[in-house]
Amino acid sequence: MVTPYGHPFDIQSGSLRLEVKTWESPQAGRYRFRLNTKRSSNHARYRYTKGFQADSDFLLLAIEKEGELQHLYCIPTVFWKPNLWVQPDSLFCPYASFRDALHLLQMALAA
């Protein structure tokens with residue numbers, strides 16, 4: 001279920017709360033996802049605090065190319081950082097084990 005605007009997370013699947021971020025433009029083969037805890041509202045009318053670890057169970061980081069999904073990182077929010085860098089073509093990416101790992105959602109739902 002996609003949640004309404006202003007909800008603390010983007011999607012709910014069973015009991016799991018999912019936060020979704022997308023990105024298209026790599027920087028030297030790496031993708032940066034900014035997960036700031038201080039955020040601005042639409043039109044920057046006010047600022048508010050976003051608690052990724054308190055508000056969601058998984059971060060879904062989607063990498064697109066020309067509107068098509070290339071990779072999807074399924075990262076438990078325990079690994080949240082303000083800036084997450086992923087590098088799909090590198091064996092040394094610290095998040096390589098979470099790339100295309102949707103089985104983690106199934107395991108969490110079953111637990």
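Numbers given for residues are sequential positions, taken from 1 along each chain in its written order. Selection of residues for local features in this predicted model requires a pLDDT of at least 70, selection of side-chain atom pairs for listing and counting requires 80 or more, and totals for whole chains, interfaces and linings are taken over all residues. Water and hydrogen atoms play no part in the side-chain values, which are based on all heavy atoms of the structure.

### Quick word on the overall build of the chain
Thinking step 1. To qualify as a helix, a DSSP run of H or I must reach at least 4 residues; to qualify as a strand, a run of E must reach at least 2; elements of each kind are numbered from the N terminus. The helix and strand inventory of the chain stands at two helices and eight strands.
Thinking step 2. For the chain, the sequential pattern of α-helices and β-strands runs β-β-β-β-β-α-β-β-β-α.
Thinking step 3. Atoms counted for the radius of gyration: C-alpha only. Globule rule: 2.2 Å times residue count to the power 0.38. In terms of overall size, the chain behaves like a compact globule, its C-alpha atoms giving a radius of gyration of 14 Å where 111 residues would be expected to give roughly 13 Å.
Thinking step 4. C-alpha extents for the chain along the principal axes are approximately 40 × 35 × 25 Å.
Thinking step 5. When checking whether two residues touch, look at their non-hydrogen atoms; a contact exists if any pair is within 4.5 Å. Counting only contacts in the chain whose residues sit at least 6 apart along the sequence, the fraction spanning at least 24 positions is 50%.

### Concerning the pattern of salt bridges
Thinking step 1. Throughout this description, the term salt bridge denotes a Lys or Arg side-chain nitrogen within 4 Å of a carboxyl oxygen of Asp or Glu. Here the structure, examined in full by the defined rule, presents three salt bridges.
Thinking step 2. Salt-bridge contacts for aspartate 57 lead to arginine 17; the nearest nitrogen and oxygen are separated by 3.1 Å. Of this pair, aspartate 57 sits in the loop between α1 (52-55) and β6 (58-65) while arginine 17 is found in strand β2 (residues 16-23), placing the two residues 40 residues apart along the sequence.
Thinking step 3. Aspartate 57 gets classed as partly exposed once you look at its relative accessible area, which sits at 24%.
Thinking step 4. The classification of residues rests on relative accessible area computed with a 1.4 Å probe and restricted to protein chains. Under 20% of the type maximum is buried, over 50% is exposed, and intermediate values are partly exposed. Among the residues examined, arginine 17 registers a relative accessible area of 24% and is labelled partly exposed.

### Brief notes about the sheet that holds β6
Thinking step 1. Strands qualify as paired when DSSP identifies two bridges or more between them. With respect to topology, four strands assemble into an open sheet ordered β1-β2-β6-β7, the strand pairing being mixed. Because the sheet does not close on itself, it has two edges, and the strands there are β1 (11-13) and β7 (68-76). Each neighbouring strand pair of the sheet contributes to a mean axis angle of 30°, computed without reference to strand direction.
Thinking step 2. Of the strand pairs in this sheet, β2 and β6 are connected by six bridges, and their pairing is parallel. For glutamate 19, the partnering residue across the bridge sits in β6 and is leucine 59. Only the stretch in contact is used when fitting a helix axis, every axis being a line fitted to C-alpha atoms; angles between N-to-C directions are given from 0 to 180 degrees.

### Concerning the environment of alanine 101
Thinking step 1. Relative to the helices and strands, alanine 101 resides in the loop between β8 (83-86) and α2 (103-110).
Thinking step 2. Between the C-alpha atoms of alanine 101 and cysteine 74, which are 27 residues apart in sequence, the distance is 5.7 Å.

### Section: the environment of alanine 54
Thinking step 1. With respect to the helices and strands, alanine 54 occurs in helix α1.
Thinking step 2. For alanine 54, a relative accessible area of 58% puts it in the exposed group.
Thinking step 3. Between the alpha carbons of alanine 54 and proline 8 there is a distance of 9.2 Å; along the sequence they are 46 residues apart.

### Topic: unusual backbone geometry
Thinking step 1. Here glutamate 66, not a glycine, exhibits a phi torsion of approximately 55°, which is positive.
Thinking step 2. Positive phi values are uncommon outside glycine, yet aspartate 100 reaches one of about 55°.
Thinking step 3. As for its placement among the helices and strands, aspartate 100 is situated in the loop between β8 and α2.
Thinking step 4. Taking the relative accessible area as the measure of exposure, aspartate 100 reaches 45% and is therefore partly exposed.

### Here's the deal with the packing of aromatic side chains
Thinking step 1. Two rings belonging to Phe, Tyr or Trp (six-membered ring only in the last case) form a pair when the distance between their centres is within 6.5 Å. Interplanar angles under 30 degrees mark stacking, angles over 60 mark edge-to-face geometry, and anything in between is tilted. Within the structure shown, the criterion is met by two aromatic pairs.
Thinking step 2. Here the aromatic rings of phenylalanine 52 and tryptophan 80 are separated by 6.3 Å at their centres, their planes lie at 20°, and the arrangement is stacked. With phenylalanine 52 in helix α1 and tryptophan 80 in the loop between β7 and β8, the pair connects residues that are 28 residues apart, well separated along the chain.
Thinking step 3. Overall, phenylalanine 52 belongs to the buried group, its relative accessible area being 2%.
Thinking step 4. Their ring planes at 50° and their centres at 5.3 Å tell us that phenylalanine 79 and phenylalanine 98 sit as a pair that is tilted. Here phenylalanine 79, found in the loop between β7 and β8, pairs with phenylalanine 98, found in the loop between β8 and α2; they are 19 residues apart in sequence, far enough to count as distant.
Thinking step 5. Here phenylalanine 79 falls in the partly exposed class, since its relative accessible area comes to 39%.
Thinking step 6. Relative accessible area serves as the criterion here: at 12%, phenylalanine 98 is assigned to the buried category.

The quantities given are spatial measurements derived from coordinates; they are silent on function.
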